[in-house]
Amino acid sequence: MKRISRLKLNMILAFGLIFILTGFFLLVNFSKSFFETFPVVSVFAIVAGITVLYLSLTFFKKAFVFFVGFYAFCVGVFALFTSSTLCPFSFAQSWPISAILCAVSLLITSLVKYRRIKSSYAYPAGAIGFLGIVFLLFSADVVKLSFTAFMARWWPIFLVILGIILIVLFVIQQTPNHLPYTQDEDEIGDILG
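None of the values given here were measured: they were computed from a predicted structure.

## Here we look at unusual backbone geometry
Right, on to step 1. A positive phi angle, near 60°, is found at lysine 61, a position not held by glycine.
Right, on to step 2. Summarising the element assignment, lysine 61 is placed in the loop between α2 (40-60) and α3 (63-83).
Right, on to step 3. Given the relative accessible area of 47%, lysine 61 is considered partly exposed.
Right, on to step 4. Even without glycine at this site, arginine 115 takes up a positive phi of about 65°.

## Some remarks on α2
Every α-helix winds through 3.6 residues per turn, so residues three or four apart in the chain are directed the same way.
Right, on to step 1. All buried positions along α2 are accounted for by Ser42, Val43, Ile46, Gly49, Ile50, Leu53, Ser56 and Thr58.
Right, on to step 2. Backbone geometry just downstream of α2 places lysine 61 in the positive-phi region, at approximately 60°.

## So, the side chain of serine 42
Right, on to step 1. In this fold, serine 42 is placed in helix α2.
Right, on to step 2. From its side chain, serine 42 meets the backbone nitrogen of leucine 80 in a polar contact 3.5 Å long.
Right, on to step 3. Every residue in contact with serine 42, bar those within four places of it in the chain, is listed here: Gly76, Ala79, Leu80 and Ser83.

What counts and how
- Residues numbered from 1 in each chain as written.
- Predicted model: local features only at pLDDT ≥ 70, side-chain atom pairs only at ≥ 80, totals over all residues.
- Heavy atoms only, no water.
- Helix = DSSP H or I, 4+ residues; strand = E, 2+ residues; numbered from the N terminus.
- Buried < 20%, exposed > 50% of the residue type's maximum accessible area, 1.4 Å probe, protein only.
- Polar contact = N/O pair within 3.5 Å; in protein donor to acceptor, adjacent residues only side chain to side chain.
- Contact = heavy atoms within 4.5 Å.

So, in structure tokens, the structure goes:
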């Protein structure tokens, strides 16, 4: 099979991203009446995200640039769907989903850069995703208590959870080669580089 030149590959990527952008825009546009307001912020986030994604995949090759582009694209698509009639919830009700999208973006960034999920991406993604799910429970009124009232009453539970995590890390550290993050070498600059 003949290899495709770098310029043609970049063009294929650009057209793929343009088709995705156009498809999302038309999907939401057809679900609204003609006289409703145009979702400027959502479309701007999608266009900016796709532009940064294209630049990160073709020129910069930095994980952080890819993450920013992918996250901006995801949040823009999410905001576009919440501003349309396709989604019954408003962005104000479902804002914690943007934290979950951040966690997903971190994991996809790790997959794109390393072809696997590294612990330097998985741990922050897990923490951010967990917080997003907790906040979503309060935002979607699954938990009937307000978040402020919940924190005023139950904040010591976070100390208990933190203590359990530290004890588990201590026990795992006693067997040095079994800690997952020891397998990833030089992870300090991985997320930015």
